[in-house]
Amino acid sequence: MKKGMEERRKELIYKLMIHTVNKTVEQLMKLTLKELEMEYKKVQNDCHPHSDAGSIHWINTKR
């Protein structure tokens, strides 16, 4: 299980570096998995504000 957590951390660090987070790899390596997930969630929300809000609703336009 620890190996899976470390792989997840590396994946998040890689994704955060792609999105030019204002942190270095060394700074990101010091963060816990939970902190990295929170940072990535912020990036997702910035890139697509409706990604987690549940604010998109389908409506029937035919009457």
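Refer to the structure printed above.
Nothing here was measured: the structure is a model prediction, and the numbers come from that model. One numbering rule holds for all chains: residues counted from 1, following each sequence as written. For this predicted model, a pLDDT threshold of at least 70 governs which residues receive local features, and a threshold of 80 or more governs which side-chain atom pairs are given and counted, while totals over whole chains, interfaces and linings are taken from all residues. For the side-chain quantities, the full set of heavy atoms in the structure was used; hydrogens and water were omitted.

### Things to note about the overall build of the protein
Okay, step 1: Looking only at helices and strands, the protein has three helices and zero strands in total.
Okay, step 2: Each helix is a run of H or I in the DSSP string that is no shorter than four residues. Each strand is a run of E no shorter than two, and both are numbered from the N terminus. Going from N to C terminus, the protein has its helices and strands arranged as α-α-α.
Okay, step 3: Residue burial is assigned from relative accessible area. The probe radius is 1.4 Å, only protein chains are included, and a residue is buried under 20% of its type maximum, exposed over 50%, and partly exposed in between. Scored against the burial criterion, the 63 residues of the protein give a buried share of 19%.
Okay, step 4: Accessible areas in this description were obtained via Shrake-Rupley with a 1.4 Å probe; residue shielding takes into account the shown protein chains only. About 5,600 Å² of surface is accessible on the protein, with carbon and sulfur atoms providing 57% of the total.

### Observations regarding the packing of helix α1 (residues 2-18) against helix α3 (residues 33-47)
Okay, step 1: Lines fitted to the C-alpha atoms define the axes, with helices restricted to the stretch that makes contact. Angles between their N-to-C directions range from 0 to 180 degrees. Between α1 and α3, the least distance of the axes is 10 Å, while the angle of their chain directions is 35 degrees. The interaxial crossing formed by α1 with α3 has left-handed handedness. Taking contact as the criterion, the partners of Met5, Arg8, Arg9, Leu12, Ile13, Lys15 and Leu16 in α1 are, on α3, Leu33, Leu36, Glu37, Glu39, Tyr40 and Val43. Less than a right angle of anticlockwise turn of the near helix away from the far helix marks a crossing as left-handed, whereas a clockwise turn marks it as right-handed. Whether two residues are in contact is decided by their heavy atoms, any of which lying within 4.5 Å being enough.

### Things to note about the side chain of Glu39
Okay, step 1: Its location among the elements puts Glu39 in helix α3.
Okay, step 2: Side-chain polar atoms of Glu39 contact the side chain of Lys23, separated by 3.0 Å.
Okay, step 3: Ignoring anything within four residues of it in the chain, the contact list for Glu39 reads Leu16, Val21, Lys23 and Leu31. Here a polar contact is taken to be a pair of N or O atoms separated by no more than 3.5 Å, where protein atoms must pair a possible hydrogen donor with a possible acceptor and residues adjacent in sequence count only if both atoms sit in side chains.

### Thoughts on the environment of Cys47
Okay, step 1: Locating Cys47 in the fold gives a position in helix α3.
Okay, step 2: The class of Cys47 is exposed, set by a relative accessible area of 52%.
Okay, step 3: Between the C-alpha atoms of Cys47 and His19, which are 28 residues apart in sequence, the distance is 9.3 Å.

### Some points on α1
Okay, step 1: Expected helix span is taken as 1.5 Å per residue step, with the number of steps being one fewer than the number of residues. In a regular helix each residue adds 1.5 Å, so 17 residues correspond to 24 Å; α1 covers 25 Å between its end C-alpha atoms and thus fits that length.
Okay, step 2: Looking at α1, one finds that the buried residues are Arg9, Leu12, Ile13 and Leu16. Taken down its axis, α1 places every buried residue within 100 degrees of arc, on the same side. Exposed positions of α1 whose direction lies more than 90 degrees from the buried face are Lys3 and Tyr14.
Okay, step 3: Looking at the buried positions of α1, the neighbouring elements they touch are α2 (25-29) and α3.
Okay, step 4: Thr20 occupies a position one or two residues after α1 and carries a positive phi of about 50 degrees. Arc definition: it is the arc formed by the directions from the helix axis to the C-beta atoms.

### Details of the nonpolar core
Okay, step 1: Buried Ala, Val, Leu, Ile, Met, Phe, Trp, Tyr and Cys residues that are joined via side-chain atoms within 4.5 Å together make up what is termed a nonpolar core. Leu12, Ile13, Leu16, Val21, Leu28, Leu31, Leu33, Leu36, Tyr40 and Val43 form the largest nonpolar core, which has ten residues in total.
Okay, step 2: With four residues, α3 is the single largest residue contributor to this core.

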